[in-house]
Amino acid sequence: MSAPREMGEMHAPAHAPHGDAGHGHEPYRPVFVGAARTELDALMKRYPAKMGALLPALWIVQRERGWVPPEGMEEVAQVLDLTPAYVKGVVTFYTMYHQHPVGQHFIQVCTTSPCQVCGAEEVTEAFLRHTGCGELGVTSPDGKYTVIEVECLGACGFATPIMINEDFIESVTPEKVPDILARLT
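Conventions adopted
- Residues numbered from 1 in each chain as written.
- Predicted model: local features only at pLDDT ≥ 70, side-chain atom pairs only at ≥ 80, totals over all residues.
- Heavy atoms only, no water.
- Pairing = 2+ DSSP bridges.
- Helix = DSSP H or I, 4+ residues; strand = E, 2+ residues; numbered from the N terminus.
- Axes fitted to C-alpha atoms, helices over the stretch in contact; angles between N-to-C directions.
- Contact = heavy atoms within 4.5 Å.
- Buried < 20%, exposed > 50% of the residue type's maximum accessible area, 1.4 Å probe, protein only.
- 1 Å grid on protein atoms, 1.4 Å probe; cavity = no way out; pocket = protein on both sides within 12 Å on 5 of 7 lines; lining within 4 Å.
- Points joined across faces, edges and corners; volume = space filled by probe spheres on them.
- Nonpolar A, V, L, I, M, F, W, Y, C, P; charged D, E, K, R; others polar.
- Core = buried A, V, L, I, M, F, W, Y, C linked by side-chain atoms within 4.5 Å.
- Salt bridge = Lys/Arg side-chain N within 4 Å of Asp/Glu carboxyl O.
- pLDDT = per-residue confidence, 0-100.

Draft legend 1. Summary view of the sheet that holds strand β4 (residues 167–169). Taking strand neighbours across the sheet as the criterion, the 4 strands line up as β2-β1-β3-β4 in an open arrangement whose pairing is mixed. Every other strand in the sheet has two partners, leaving β2 (145–150) and β4 as the edge strands with one partner each. Put simply, the sheet's adjacent strands are angled 20 degrees from each other on average, direction ignored. Pairing between strand β3 (residues 162–164) and β4: 3 bridges, direction antiparallel. Bridge pairing links Ile164 to Asp167 in β4. Running over the sheet, helix α6 (residues 120–131) touches β1 (105–110), β2 and β3 and is turned about 160 degrees from β1.

Draft legend 2. Quick look at the pairing of β2. Of all the 6 residues making up β2, 5 are buried; the element is thus mostly covered by neighbouring parts of the structure. Pairing between β1 and β2: 6 bridges, direction parallel. Paired with Phe106 across the strands is Thr146, a residue of β2.

Draft legend 3. Spatial organisation of the layout of surface pockets. The computed volume of the second largest pocket comes to approximately 150 Å³. In terms of lining residues, the second largest pocket is bounded by Thr92, Phe93, Tyr94, Thr95, Tyr97, His98, Gln99, His100, Val102, Phe106, Thr146 and Ile148. If you list the elements that add at least two residues to the lining of the second largest pocket, you get α4 (84–93) and β2. Its residues assigned to classes, the lining of the second largest pocket shows 6 nonpolar, 6 polar and no charged.

Draft legend 4. Expanded view of the nonpolar core. Grouped together as the largest cluster of nonpolar side chains are 24 residues, with contacts concentrated most on Phe32, Leu40, Leu54, Leu58, Val76, Leu80 and Val87. Within the residue set of this core, elements represented by two or more residues are α1 (35–44), α2 (54–65), α3 (70–80) and α4. For this core, the element with the highest residue contribution is α2, accounting for 6 residues. Among the nonpolar cores identified, the runner-up in size contains 15 residues, and Ile107, Cys133, Ile164 and Leu181 belong to it.

Draft legend 5. Region of interest: the environment of Ile164. With respect to the helices, strands and loops of the structure, Ile164 is situated in strand β3. For Ile164, a relative accessible area of 2% translates into the label buried. Between the C-alpha atoms of Ile164 and Ile180, which are 16 residues apart in sequence, the distance is 9.6 Å. Look past the residues within four positions of Ile164 in its chain and what remains in contact with it is His105, Phe106, Ile107, Ile169, Ile180 and Leu184.

Draft legend 6. Fine view of the pattern of salt bridges. Under the definition given, this model contains 5 salt bridges. Across the salt bridge formed by Arg37 and Asp41, the nearest N and O atoms sit 2.9 Å from each other. Of the two residues, Arg37 and Asp41 are both situated in helix α1; the distance of 4 residues between them amounts to about one turn of the helix. Put simply, Glu39, Arg63 and Glu64 are held in one network by salt bridges that share partners.

Draft legend 7. Spotlight on the environment of Arg37. What makes Arg37 partly exposed here is its relative accessible area of 29%. C-alpha of Arg37 to C-alpha of Ala57: the two residues are 20 residues apart in sequence and 9.5 Å apart in space. Apart from the residues within four sequence positions on either side, Arg37 is in contact with Phe32, Met44 and Val79.

Draft legend 8. Broad picture of the confidence of the model for the chain. When the pLDDT values of the chain are averaged, the result is 86; 86% of them are 70 or greater. Low confidence marks residues 1–23, where pLDDT is under 50. Its contacts with residues over four positions away, or in another chain, come to 59 contacts.

Draft legend 9. Main features of unusual backbone geometry. Cis geometry marks the peptide bond from Ala159 to Thr160, where omega comes out at -5 degrees. Positionally, Thr160 belongs in the loop between β2 and β3. The phi angle at Asp81 is positive, at roughly 55 degrees, despite the residue not being glycine. In this fold, Asp81 is placed in the loop between α3 and α4. A positive phi angle, near 55 degrees, is found at Ser171, a position not held by glycine. Following the sequence through the fold, Ser171 ends up in the loop between β4 and α7 (177–182).

Next comes the structure, spelled out in structure tokens:
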């Protein structure tokens, strides 16, 4: 396990293998034991109330599981003395938290109006075609890719931007997609 990150350093975590516990394949294993609990305890000390550590706690669950399953939301609620409904409201509000297993490479394509004018639809179609996903939100048969559309990645001057896991790439065109995918490990 890596050392805890400062809040400003947190970014989307690496993805766990598919079929992780909590997705109906095996019983859910608690995340906040051992090193993950120590990490969360250190984070909670930075806030005046436990609730302040909600977003980092969800990152830890996602880092460990590859997504935030309902059991993970319940565990976070219990550890932080929150209701499961409150935690679920946060998870469903933020697009950075995965509510189902995703591919090893989670690809987000900005499809807001400026990007649409610059070809975002064609970029999205190229990713779906070259990854084998077939449609948005579906993981490729090999488990490597999941492609989704997002509303604004905050780079309207460099349309069409994408994010692959924590890597941000600007000015993507359909022609660049095969090379982008070839660089992924």
